[in-house]
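Structural overview
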Number of protein chains: 2
Amino acid sequence: MPNWRSLMTGLFAVIFSAGAVMAETDPLPSWKDGAIKKSITDFVAHATTEGPDFVPAPERIAVFDNDGTLWMEQPFYFQLGFAFDRIKTLAPHHPEWKDRQPFKGLIEGDLKSALATGEKGLLEVLATTHAGMTTDDFRRTVVDWTQSAHHPRFKRPYIELVYQPMLELMRHLRTNGFKTFIVSGGGVEFMRVFAEQVYDIPSEQVVGSSGVVKFQRAANGSIKLIKEAKVEFIDDNDGKPVGINRFIGRRPIFAFGNSDGDHAMLQYTAAGAGPRFLGLVHHTDAEREYAYDRQSHIGKLDKALDEARERGWTVVDMKRDWKVVFPHQTRPAN
Amino acid sequence: MPNWRSLMTGLFAVIFSAGAVMAETDPLPSWKDGAIKKSITDFVAHATTEGPDFVPAPERIAVFDNDGTLWMEQPFYFQLGFAFDRIKTLAPHHPEWKDRQPFKGLIEGDLKSALATGEKGLLEVLATTHAGMTTDDFRRTVVDWTQSAHHPRFKRPYIELVYQPMLELMRHLRTNGFKTFIVSGGGVEFMRVFAEQVYDIPSEQVVGSSGVVKFQRAANGSIKLIKEAKVEFIDDNDGKPVGINRFIGRRPIFAFGNSDGDHAMLQYTAAGAGPRFLGLVHHTDAEREYAYDRQSHIGKLDKALDEARERGWTVVDMKRDWKVVFPHQTRPAN
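Values in this document were obtained by computation on a predicted structure and should not be read as measured data.

Our focus in this paragraph is the interface of chain A and chain B. Chain A puts 34 residues into the contact, and the matching count from chain B is 36 residues. Where the side of chain A that touches chain B is concerned, the elements lending two or more residues are helix 1 (4-24), helix 9 (188-199), strand 4 (206-217), strand 5 (223-233), helix 10 (239-248) and helix 11 (263-270) of chain A. At six residues, helix 10 of chain A tops the list of elements feeding residues into the side of chain A that touches chain B. Among the residues forming the side of chain A that touches chain B, the class breakdown is 17 nonpolar, 11 polar and six charged.

Another aspect to go through is the domain arrangement of chain A. Quoted interface sizes are often the accessible area lost when the parts come together. All names here are of chain A. For chain A, the assigned domains read domain 1 (26-75 + 157-209 + 233-330) and domain 2 (78-131). Summarising the inter-unit geometry, the C-alpha centres of domain 1 and domain 2 are found 31 Å apart. Contact with domain 1, which involves five residues of that partner, is made by five residues of domain 2. Residues that form the side of domain 1 that touches domain 2 fall into these classes: three nonpolar, two polar and no charged.

As a further point, take the environment of Gly279 of chain B. Within the fold, Gly279 of chain B resides in strand 7 (residues 277-284). Sequence separation between Gly279 of chain B and Leu266 of chain B is 13 residues, and the spatial gap between their C-alpha atoms is 8.1 Å.

Residue and element names in this part refer to chain A. Running from amino to carboxyl end, helix 3 (residues 78-90) crosses helix 6 (residues 118-130) at an angle of 70 degrees, the nearest separation of the two axes being 9 Å. By the angle between their directions, the pair helix 3 and helix 6 is classed as roughly perpendicular. Along its contact with helix 3, which presents Ala83, Arg86 and Ile87, the element helix 6 presents Val125, Leu126, Thr128 and Thr129. Broken down by class, the residue content of the contact of helix 3 with helix 6 amounts to four nonpolar, two polar and one charged.

Moving on, we get to the relation of the copies chain A and chain B. Relative to chain B, chain A is turned by 180 degrees and slid 0.0 Å along the rotation axis, the superposed coordinates differing by an RMSD of 0.0 Å. Such a combination of rotation and displacement between the chain copies is what one expects of a two-fold axis. Residue by residue, 100% of the interface of chain A is reproduced at the interface of chain B, so both copies engage with the same surface.

The subject of this paragraph is the sheet that holds strand 8 (residues 314-317) of chain A. All names here are of chain A. In space, the eight strands of this open sheet follow the order 2-5-4-3-1-6-7-8, with mixed pairing throughout. Bordering the open sheet on either side are strand 2 (133-134) and strand 8, each of which pairs with just one other strand. Both strand 1 (residues 61-64) and strand 3 (residues 179-187) contribute to a ladder of four bridges, which runs parallel. The partner of Val63 across the bridge, within strand 3, is Phe181.

Looking now at the pairing of strand 6 (residues 254-257) of chain A. All names here are of chain A. Judged by which residues are buried, strand 6 turns out to be covered on both faces: Phe254 and Phe256 on one side and Ala255 and Gly257 on the other are all buried. Note: strand 6 against strand 7 (residues 277-282), four bridges, orientation parallel. Each residue of the ladder has a partner; that of Ala255, found in strand 7, is Leu278. Regarding topology, helix 11 serves as the crossover connection from strand 6 to the parallel strand 7, and that connection is right-handed.

As a further point, take helix 8 (residues 164-175) of chain A. Residue and element names in this part refer to chain A. Compared with the 16 Å implied by 1.5 Å per residue over 12 residues, the 16 Å span of helix 8 between its first and last C-alpha is a close match. Looking only at helix 8, the buried set comprises Pro165, Met166, Leu169, Met170 and Leu173. Take helix 8 and look down its axis: the buried residues cluster within an arc of 135 degrees, on one side only. Those residues of helix 8 hidden inside the fold are in contact with helix 2 (35-47), strand 1, strand 3, helix 9 and strand 6.

Two faces make up the sheet, and in a regular strand the side chains alternate between them. Residue and element names in this part refer to chain A. In terms of strand pairing, strand 3 meets strand 4 through three bridges, oriented parallel. Its bridge partner being in strand 4, Val183 is matched across the sheet by Val207. As paired elements, strand 4 and strand 5 share seven bridges and run antiparallel to each other. Bridged to Gln216 within strand 5 is Lys224. Linking two consecutive strands that pair antiparallel, namely strand 4 and strand 5, is a turn of five residues; a positive phi of about 90 degrees is found at Gly221 within it.

Glancing now at the packing of helix 7 (residues 135-148) of chain B against helix 9 (residues 188-199) of chain B. Residue and element names in this part refer to chain B. Axis separation between helix 7 and helix 9 bottoms out at 9 Å; the angle between their running directions is 55 degrees. On the basis of the axis angle, helix 7 is oblique to helix 9. Regarding helix 7 and helix 9, the two cross each other, and that crossing is right-handed. Here helix 7 contributes Thr135, Phe138, Arg139, Val142, Val143 and Thr146 to the contact with helix 9, which in turn contributes Glu189, Phe190, Val193 and Phe194.

About the cut-offs
One numbering rule holds for all chains: residues counted from 1, following each sequence as written. Whichever chain is written first is A, and whichever ligand is written first is 1; the rest continue in order. pLDDT decides what is reported in this predicted model: residues at 70 or higher carry local features, side-chain atom pairs at 80 or more are listed and counted, and totals for whole chains, interfaces and linings draw on all residues regardless. Contact between two residues is assigned when their C-beta atoms, built from the backbone, lie within 7 Å. Secondary structure elements follow DSSP: runs of H or I no shorter than four residues count as helices, runs of E no shorter than two count as strands, and numbering proceeds from the N terminus. Ten residues, namely Ala, Val, Leu, Ile, Met, Phe, Trp, Tyr, Cys and Pro, are considered nonpolar, four, namely Asp, Glu, Lys and Arg, are considered charged, and the remaining ones, Gly among them, are considered polar. Domain ranges listed in this record stem from an automatic or a database domain assignment. For every element, the axis is a line fit to its C-alpha atoms; helices are fit only across the contacting stretch, and the angle between N-to-C directions ranges from 0 to 180 degrees. Roughly parallel means an angle under 35 degrees; roughly antiparallel, over 145; roughly perpendicular, 65 to 115; everything else is oblique. Here the copies were fitted onto each other by least squares, based on C-alpha atoms from residues at pLDDT of at least 70 in both. Pairing between strands requires that DSSP locate at least two bridges from one strand to the other. Partly exposed residues are those falling between the two cut-offs: more than 12 but fewer than 20 other C-beta atoms within 10 Å of their own, whereas 20 or more means buried and 12 or fewer means exposed, with C-beta atoms placed from the backbone. Note on handedness: a clockwise path from strand one over the helix to strand two, with the strands aimed away from the viewer, defines a right-handed crossover. For a helix, the expected span equals 1.5 Å multiplied by the residue count minus one. This arc corresponds to the set of directions leading from the helix axis out to the C-beta atoms. Crossings are sorted by hand: turned counterclockwise from the far helix by less than a right angle, the near helix makes the crossing left-handed, and turned clockwise it makes it right-handed.

Here it is, written out as structure tokens:
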């Protein structure tokens, strides 16, 4: 028979001291103190505290673009890097590629001549690397790539080039009852392979572009899902609010992007009633990462930046606001 | 300063006695004891216990058909009931409907003459009730309907005609680390309105058929998602595995249906490696609900029933296996 009075006193002591410890721990240690960090922590505190800006847990939906917002997108979208690497892996089985662009250029590492084939060549590369196989086989090729390929400048696996401050932000949101979703122009079947491992986001919370998938029942009863070389949905620009409606079915209250491709998603989020958080990652750090915005071919940030400044959205200046960029920078060097 | 020894002893006492109480509580009180109930509880116990049939939590994906599996589907799919009721609600604003089928029949309660217009008439009713409005406006019409409409035979709101044993089953799965999804031929935007309230399933875990939704940005900057009268995806038959792949991105280990429309979903689930649970609700209870299978126009169960018997899937005999059918039968009469 326990001493109940002592038990309850002890329990309260444990609970309150744990609360005090948590309140003192910085949930965003890779963010420099200042107005930007405060705009995030204040929003979360208000959404979870009884008062005029309280948001019930089921409505705490947060959406994040992927390329340029959660991981790097330079010097090319990483999914293109996957496609290029995959062509090299497949090349020994395709001797005919040796003399044919864009394959020749990719095999020889001459990206410029490969890309000279334009959209037509690119679509051929995507069809070769993303279609004509089962969904299970595709998944295996992506797993192989995440474990073997390295970024040309940073010499690290691509999945290590995610932004540590954004990982902390998503964790902070989840700790406070938010659900975090990826809403990206990237391929949904590509991202789902590593989203759980890298971002702690389960596959059904990944929204992205997709190709047609066909159900196939063989004569022996075996069942396959085959990826076809046909676009089904492009989850970019005005497609992002449509994708959110289709996959999530609820308007977010928190949205983070980095380019004009996220503009419609931010506007759609902003247009809901009640408290909203709108954020942009502004790539200003050529030394630790890259610096680009209005003139960039990849991740162009122009009109969304104007609206963000007009309407007082949170614009993260990577150089100014982030103590570190990548997870490996938080670990002791070995 | 608490008495730590006493505190810890007390804590253990609390934890272990709570565990004992939980183990003794039947998680499926509306299921009669027997092989069917045991097939469910054994599967869940094995999936969550270290051993050859253990399944890591992220792979514990369970999918459920809706019409005829989670709620009733007779004498017509409830979503059709919504459409028919909606026509009556809109009728005062459409005097021209008085002399035109299928509207005339629906307004006058003469379902037979309305349905005589066949597929063309039905599509017109669906377009009128499901398109040409914003997603937010559509949601409001469904909320109104769930609060006002009543089933013709049972004289209760449609959302009360869900199966109590299936609610218990889904809760038991979630308690054991499973994620529960609806995978239905019904409209995804229709089901999402009440799925959280009725089934405790959040909107992103509802997979269904959909129409095209268009993003619209007005000159004044206002943003709308408009439902168009154009089918985008039919989540039925072979579409179910495709829908699972698109929305969930992971093959389920547990699937429950009630008709041949669920056959491909069951086969796709069965075709994965490792332990699997495949279940069918067989409607055998004309007194408490309905009795129908091979000859039914709605919820026809024929080929899937044959395969279930051949392969030893769990076939629930509603009359034999369920103590009660609906939630209101578990509450004292007032």
